[in-house]
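Now for the letters of each chain:
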Amino acid sequence: MTDLGFVHRFMPGKKPAAPVLLLLHGTGGDENDLIPLGHELYPDASILSLRGKVLENGMPRFFRRLAEGVFDLEDLKLRTEELAQFLDAARQQYGLRENKLIAVGYSNGANIAASLLLRDPRHLSAAVLFRAMVPFVPDAPPDLTGIAIFLSAGRQDSIVPSANTRQLSSMFETAGAAVTMHWHPGGHELGRDDLDAAKLWLEKLPLS
Ligand code: MLT
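Bear in mind that the values here come from a model prediction, so they are computed numbers and not experimental data.

Reading the values: rules and limits
- Residues numbered from 1 in each chain as written.
- Predicted model: local features only at pLDDT ≥ 70, side-chain atom pairs only at ≥ 80, totals over all residues.
- Heavy atoms only, no water.
- Helix = DSSP H or I, 4+ residues; strand = E, 2+ residues; numbered from the N terminus.
- Buried < 20%, exposed > 50% of the residue type's maximum accessible area, 1.4 Å probe, protein only.
- Right-handed = clockwise from strand over helix to strand, strands pointing away.
- Pairing = 2+ DSSP bridges.
- Core = buried A, V, L, I, M, F, W, Y, C linked by side-chain atoms within 4.5 Å.
- Contact = heavy atoms within 4.5 Å.
- Near = heavy atom within 4 Å.
- Polar contact = N/O pair within 3.5 Å; in protein donor to acceptor, adjacent residues only side chain to side chain.
- Areas by Shrake-Rupley, 256 points an atom, 1.4 Å probe, with all protein chains shown as cover.
- Nonpolar A, V, L, I, M, F, W, Y, C, P; charged D, E, K, R; others polar.
- Expected span 1.5 Å × (residues − 1).
- Arc of directions from axis to C-beta.

With that settled, consider the environment of Leu37. Structurally, Leu37 is set in helix α1 (residues 35-41). For Leu37, a relative accessible area of 12% gives the class buried. Remark: the alpha-carbon pair of Leu37 and Leu195, spanning 158 residues in sequence, is separated by 8.1 Å.

See below:
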């Protein structure tokens, strides 16, 4: 589907009140990439999976970057606002007004989800962020009270330094979020442990 401003897929869960996983892929991915992961992490959830609108050498992303790990902050702001508008429209279009939305992002997708949490958190009840980094530093912390965040980082990640992940984690905690950290022994790629830990975390999440 290309309407509502983003190419996306919506797959309703078995129960209308089920939480919705908002899937956000990494650089070079698309709206199909994370669907198997979403089903594995939360089999009963509905799925709303987006394709990033920015192309970097033909690879979809959710916002522009100037270099590896150096973000175009103006574009990030604009794209984050576009994502927020999309979520309002998608809730209406798919009858999701009361459903909890849980972002599940990998790498660039995790970074735009982090940006949404720092800029306009009302959209999300929880977030699973694999290999996220600090997207920008807000002037004042947002209010993330009641929002649960699972951060999964690679100890050997050459793209996201551990100190950056720790900074993101403390930014979220300062803002009132309940943060759970998982450290994968390898690098930027996901391992079995990332998925197992995220699934367990989601199973324990109080969502009613
Ligand atoms: C980003 O650009 O969001 C991060 O550097 C991760 C990546 O997409 O490679």
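Our next topic: the pairing of strand β2 (residues 20-24). Taken across its five residues, β2 has five buried, putting it largely inside the fold. Side chains Val20, Leu22 and Leu24 of β2 all project onto a buried face; the interleaved residues Leu21 and Leu23 project onto the opposite face, where all are buried too. Once you follow β2 into α1 and on to strand β3 (residues 46-50), the crossover reads as right-handed. Across five bridges, β2 lies against strand β8 (residues 101-106) in parallel orientation. In the sheet register, Leu23 faces β8, and the bridge partner there is Val104.

What follows deals with the nonpolar core. If you look at the biggest cluster of nonpolar residues, it comprises 45 residues, and the most contacted ones within it are Leu22, Leu48, Leu50, Leu117, Leu129, Ile149 and Phe172. At the level of elements, β2, β3, α2 (73-93), β8, α3 (108-119), β9 (126-130), β10 (148-154) and α4 (162-174) are the ones that each hand at least two residues to this core. The greatest single-element share of this core, amounting to seven residues, is contributed by α3. Not counting residues up to four positions away in its chain, the partners in contact with Leu129 are Gly105, Ala110, Ala113, Ala114, Leu117, Ile149, Phe150, Leu151, Ser152 and Phe172.

It is worth spelling out the site of the ligand at this point. If you check the shell around the ligand, you find Thr27, Arg61, Phe63, Arg65, Glu68, Gly69, Phe71, Ser107, Asn108, Asn111 and Ile159 and nothing else. Residue Glu68 places a side-chain N or O atom 3.2 Å away from an oxygen atom belonging to the ligand. Look at the ligand: alone it shows 260 Å² of surface, and the protein chains cover 95% of it. Of the residues assigned to the shell around the ligand, the class counts are three nonpolar, five polar and three charged.

Take Glu98: it is sitting in the loop between α2 and β8. Accessibility expressed as a relative area gives 76% for Glu98, which makes it exposed. In this structure, the C-alpha to C-alpha distance between Glu98 and Leu116, residues 18 residues apart in sequence, is 19 Å.

Another point: α4. With 13 residues, α4 should cover 18 Å at 1.5 Å per step; its first-to-last C-alpha distance of 18 Å lies within 8% of that length. Within α4 the residues assigned to the buried category are Asn164, Thr165, Leu168, Ser169, Met171 and Phe172. Looking straight down α4, one finds its buried side chains confined to an arc of 160 degrees; they lie on one side. Along α4, exposed side chains directed more than 90 degrees from the buried face belong to Ala163 and Thr174. Contacts from the buried residues of α4 go to α3, β9, β10 and β11 (178-184).

By themselves these figures say nothing about function.
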